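# Secondary and tertiary structure notes
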Amino acid sequence: MNYDRYYTCDLVNGPGIRVTLFVTGCQHACAGCYNQSTWDRKSGQPFTAEIMEELLAVCATHDGLSLSGGDPLHPANRAEILNLCRVFKQRYPEKNIWLWTGYLYEDVQNLEIMNYIDVVIDGKYEQDQPTTQPWRGSANQRQIIISPQR
Ligand code: SF4
């Protein structure tokens, strides 16, 4: 898996002060996408064990981890996202993970990754469906709370 960037003090991708990882690789090709540079999963840099450890260390002083892109659930990203989520929850069981995906929740809800995700924002970005709802890019997208305590 490659990643485009990560933010270590993010206030706009979920509640609190978060660490947000933008991976590369997306097959949805939404018109008006702001992150077209992340569509190619070969773009960006390798998400190495060192980078993962660096990111996880920063999470110690933050409220949670946000996963975006690109699409963290691009088939080529799923194994490494699963590993990242598993290690994050082992280390920080009290902290939450939010995940943004262009897939509909119904199509990915049975992935093992979902055992570790607290909140999903799902669905493609539809530029003709603007919204003022927090965390969402367009009105069709849903905020799905998987873990009820979050
Ligand atoms: S799912 Fe997100 S990253 Fe992928 S094309 Fe749509 S808006 Fe862009």
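Look above for the structure.
Fair warning: this is a prediction, and the values are worked out from it, not measured in the lab.

## What about the packing of aromatic side chains?
All told, the structure shown has seven aromatic pairs when counted by the stated rule. Considering the side-chain rings of Y3 and Y6, the 6.3 Å spacing of their centres and the 40° angle between planes classify their relative orientation as tilted. Both residues of the pair, Y3 and Y6, count as buried. The interplanar angle of 65° and the centroid separation of 5.1 Å between the aromatic rings of Y7 and F22 together place this pair among those described as edge-to-face. On the criterion of sequence distance, the pair formed by Y7 in strand β1 (residues 2-10) and F22 in strand β2 (residues 18-23) is long-range, its members being 15 residues apart. For F22, a relative accessible area of 6% corresponds to the buried category. Taken together, Y3, Y6 and F47 form an aromatic cluster joined through their ring pairs. A cation over a ring is seen here: R5 above F22, with NZ or CZ 3.9 Å from the ring centre. For K95, the ring lying beneath its charged end belongs to Y92, and the centroid distance is 5.2 Å.

## Description of the pattern of salt bridges
Two side chains bearing opposite charge may form a pair once their charged atoms approach each other closely. As enumerated under the stated definition, the model contains six salt bridges in all. A salt bridge links D118 to K89, with the shortest nitrogen-to-oxygen separation between them at 2.7 Å. Remark: K89 occurs in helix α2 (residues 78-91) and D118 occurs in the loop between α3 (105-108) and β6 (119-122); sequence separation between them is 29 residues. A residue is classified by how much of its surface remains accessible, and D118, at 3% relative accessible area, is buried. Overall, K89 belongs to the buried group, its relative accessible area being 15%. Here R142 ties to D122 by a salt bridge, and the two come within 2.4 Å at their closest N and O atoms. With R142 in strand β7 (residues 142-145) and D122 in strand β6, the pair connects residues that are 20 residues apart, well separated along the chain.

## A look at the side chain of T38
Structurally, the position occupied by T38 is in the loop between β2 and β3 (45-46). You can call T38 buried: its relative accessible area is 0%. Looking at T38, its side chain comes within polar contact range of the main-chain nitrogen of G70, at 2.7 Å. If sequence neighbours within four positions are ignored, T38 has contacts with D4, V23, T24, G25, C26, S43, G69 and G70.

About the thresholds
Residues numbered from 1 in each chain as written. Predicted model: local features only at pLDDT ≥ 70, side-chain atom pairs only at ≥ 80, totals over all residues. Heavy atoms only, no water. Phe/Tyr/Trp six-rings, centres within 6.5 Å; stacked < 30°, edge-to-face > 60°. Buried < 20%, exposed > 50% of the residue type's maximum accessible area, 1.4 Å probe, protein only. Helix = DSSP H or I, 4+ residues; strand = E, 2+ residues; numbered from the N terminus. Lys NZ or Arg CZ within 6 Å of the ring centre and 35° of its normal. Salt bridge = Lys/Arg side-chain N within 4 Å of Asp/Glu carboxyl O. Polar contact = N/O pair within 3.5 Å; in protein donor to acceptor, adjacent residues only side chain to side chain. Contact = heavy atoms within 4.5 Å.

Interpretation in functional terms is not warranted from these geometric data alone.
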